[in-house]
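Examining the three-dimensional arrangement
If you want the building blocks of each chain, they are given just below.
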Amino acid sequence: MTLDDVLRSASLTVTALGVLSAGAVLARAREVRLPIAVLLDFLLAAGLLRLAVAPAPRALASAALIIIIRKIITFGFAHRTAAPAAVRPVPGFVGTTPGNARPHVPVTEERR
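Heads up: these notes are all about the structure in this document. Just so we're clear, the structure is a prediction, and the values are computed from it rather than from any experiment. (Residues numbered from 1 in each chain as written. Predicted model: local features only at pLDDT ≥ 70, side-chain atom pairs only at ≥ 80, totals over all residues. Heavy atoms only, no water.)

**Points about unusual backbone geometry**
- In the Ramachandran plot, Arg30 falls in the positive-phi region, its phi being about 60° despite a non-glycine side chain.
- By the secondary structure assignment, Arg30 is in the loop between α1 (3–29) and α2 (33–53).
- A relative accessible area of 71% places Arg30 in the exposed class. (Helix = DSSP H or I, 4+ residues; strand = E, 2+ residues; numbered from the N terminus. Buried < 20%, exposed > 50% of the residue type's maximum accessible area, 1.4 Å probe, protein only.)

**Quick word on the side chain of Ser11**
- Its place among the elements puts Ser11 in helix α1.
- Once you skip the residues sitting within four places of it in the chain, Ser11 turns out to touch Ala46, Leu49 and Arg50. (Contact = heavy atoms within 4.5 Å.)

**With respect to the packing of α1 against α2**
- Where α1 contacts α2, the axes come no closer than 8 Å and their chain directions differ by 180°. Relative to α2, the element α1 lies roughly antiparallel.
- Partitioned by chemical class, the residues of the contact of α1 with α2 number 19 nonpolar, four polar and three charged. (Axes fitted to C-alpha atoms, helices over the stretch in contact; angles between N-to-C directions. Parallel < 35°, antiparallel > 145°, perpendicular 65-115°, else oblique. Nonpolar A, V, L, I, M, F, W, Y, C, P; charged D, E, K, R; others polar.)

**Concerning the pattern of salt bridges**
- Scanning all chains against the criterion turns up two salt bridges.
- Its salt-bridge partner being Glu31, residue Arg33 comes within 3.7 Å of it at the nearest N-O pair.
- Residue Arg33 is classed as partly exposed on the basis of its relative accessible area of 33%. (Salt bridge = Lys/Arg side-chain N within 4 Å of Asp/Glu carboxyl O.)

**Some remarks on α2**
- Along its 21 residues, α2 runs 31 Å from first to last C-alpha, staying within 8% of the 30 Å computed at 1.5 Å per residue.
- Restricting attention to buried positions, one finds in α2 the residues Pro35, Ala37, Val38, Leu40, Leu44, Ala46, Gly47, Leu51 and Val53. (Expected span 1.5 Å × (residues − 1).)

Shown next, in the form of structure tokens:
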């Protein structure tokens with residue numbers, strides 16, 4: 001068994017582990033963003049292992065494409081799910097924006 005065979009087997013193993021890990025993260029997190037990031041990280045690792053076997057233009061293009069896809073997807077999810085600063089709640093305060101936030105005072109029977 002040569003080094004190329006070991007790297008090819010490792011690449012396939014990393015790909016399979018990536019699919020399983022992404023499935024486990026999806027089952028646990030119940031959202032799509034994190035499992036996709038996990039899967040793309042594993043696919044990138046597998047692509048780099050394939051690149052180590054034979055630095056061919058196709059293997060290099062495959063690794064570069066995975067990096068580009070991961071950046072685009074994570075960038076899109078980050079901007080789609082993040083609330084603008086003007087509407088983010090301030091932790092520990094009642095109100096919707098930092099400008100109108102006031103400390104939270106629990107209502108007791110005496111104050112009613």
